[in-house]
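# Chains, contacts and geometry: an overview
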Number of protein chains: 2
Amino acid sequence: MRISKKTEYAVHSILYISNKNRCVLLDELAMQGISREYLAKVMRMLTKSKILKSSVGVNGGYVLARTADMITLEDIFNAVEGENFYKCEAEARRCVLGEDCRLSAIFQDAREKFLEELRKYTIADIISGLDSELSWLKAEVT
Amino acid sequence: MRISKKTEYAVHSILYISNKNRCVLLDELAMQGISREYLAKVMRMLTKSKILKSSVGVNGGYVLARTADMITLEDIFNAVEGENFYKCEAEARRCVLGEDCRLSAIFQDAREKFLEELRKYTIADIISGLDSELSWLKAEVT
DNA sequence: GAGAGGATACTCGGATAGATGCTGTCCGAGTAACTGGGG
DNA sequence: CCCCAGTTACTCGGACAGCATCTATCCGAGTATCCTCTC
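Residues numbered from 1 in each chain as written. Chains lettered and ligands numbered in written order. Predicted model: local features only at pLDDT ≥ 70, side-chain atom pairs only at ≥ 80, totals over all residues. Heavy atoms only, no water.

### Let's talk about the pattern of salt bridges
Residue and element names in this part refer to chain A. The condition that has to hold: Whenever Lys or Arg places a side-chain nitrogen within 4 Å of a carboxyl oxygen from Asp or Glu, that contact is recorded as a salt bridge. Burial here depends on accessible area, computed with a 1.4 Å probe over protein chains only, as a share of the maximum for the residue type. Under 20% is buried, over 50% is exposed, and the range in between is partly exposed.
The full count for this structure, using the stated rule, is 17 salt bridges over all chains. The closest approach of N and O atoms between Glu28 and Arg22, which form a salt bridge, is 2.8 Å. With relative accessibility at 15%, the residue Glu28 sits in the buried group. Where Arg36 meets Asp27, a salt bridge forms, and the shortest distance between an N and an O atom there is 2.4 Å.

### Concerning the protein's contact with DNA strand C
What counts here: Neighbouring residues are identified by heavy atoms, a residue being near a molecule or strand if any of them is within 4 Å of it. Think of a polar contact as two N or O atoms within 3.5 Å of one another; within protein, one of them needs to be a possible hydrogen donor and the other a possible acceptor, and neighboring residues in sequence only count if both atoms come from side chains. Put simply, DSSP marks the helices as runs of H or I at least four residues long and the strands as runs of E at least two long, and each gets a number from the N terminus on. Ten residues, namely Ala, Val, Leu, Ile, Met, Phe, Trp, Tyr, Cys and Pro, are considered nonpolar, four, namely Asp, Glu, Lys and Arg, are considered charged, and the remaining ones, Gly among them, are considered polar.
Taken together, 25 residues lie around DNA strand C, and A:Tyr9, B:Leu26, B:Arg44, B:Ser54 and B:Tyr62 are the ones closest in. When atoms of DNA strand C within 4 Å of the protein are sorted by moiety, sugar and phosphate together comprise 62%. Between DNA strand C and A:Glu37, the relevant distance is 3.0 Å, taken from a base nitrogen to a side-chain nitrogen or oxygen of the residue. Counting residues per element, the ones that place at least two in the surface near DNA strand C are α1 (5–20) and α3 (36–48) of chain A together with α3 (36–48), β1 (52–55) and β2 (61–64) of chain B. Sort the elements by how many residues they give to the surface near DNA strand C and α3(B) lands first, with 4 residues. Considered class by class, the residues forming the surface near DNA strand C number 9 nonpolar, 8 polar and 8 charged.

### Examining unusual backbone geometry
Residue and element names in this part refer to chain A. Its identity as a non-glycine residue notwithstanding, Lys50 has a phi of 65°, on the positive side. Within the element layout of this structure, Lys50 appears in the loop between α3 and β1 (52–55). Of the residues examined, Lys50 reaches a relative accessible area of 59% and is grouped as exposed.

Geometric descriptors of this kind do not, in isolation, establish any biological role.
This is the structure in structure tokens:
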């Protein structure tokens, strides 16, 4: 079980946009060292999940769809990580657990605990904890 | 982020062994409909993690290495799911979060919450909750 | 009856291959703003 | 000054390829038990 790079790309890009507080181009985000085209897909997921708003055409780009204190890590995680967490295949086999398989419920509960933890942190929280000297976030990209 | 079939195979096999309370053959476990050779690899992981004890040769097979109430779902999960949960790639890029990346710590904490939940359930707990009528676990394999 | 040696029944573990999802790339389509020319 | 058409600057989204991991299969190696033969 692992968290994909999509989540990291998404969080970092949202932090960047939030800090700039203006419409940000895909090219600018990709300067973090992320594959531009791949990042584009991640940005589209975030747009579809209503975390970002995008505008196409000249002067287009991405802005937050709501304020940074209303965007949690859980929101981002749910937007980019698939929902295929666990599916008991009892139907397909002679399942040990009979018809009322509890395993699936237990794993879902555990996943919920995981999400609860992520829900505690907003983008605003993380930005306020940043060391402004070390972060390139504070500097304009040249 | 998803849980692999290995975990399901492992839990179901351990439940079976625990209920039989004797040395169980790989072939018998594979009758659940699991690929025999693949299951063998999962069983080896469980053996290496000291959850099962295996004996080779005639009259060989698998037994629990400790009682069912001392085996939690967390034990099983850790035995079969890899440890590559999340690794911040900040070093490889101009990371938004500077040197003190909190993201990694947050995800580890969330994972810990996930494991805490799994830790609440032992094999004994799950077996005691089984509906004995519905479960093939109670019947001898013919 | 006892010991030796072979047959048997298992797990171990490496090699391999297909399936699936992650990561990255390419490119045409669509869209909105800007620009320049004609009325 | 205004409108229209063309250009430009973006995102959207489908197609594709490489790769890692998951899942599955195959098979020889190793090992412990059982059986049989011989004395």
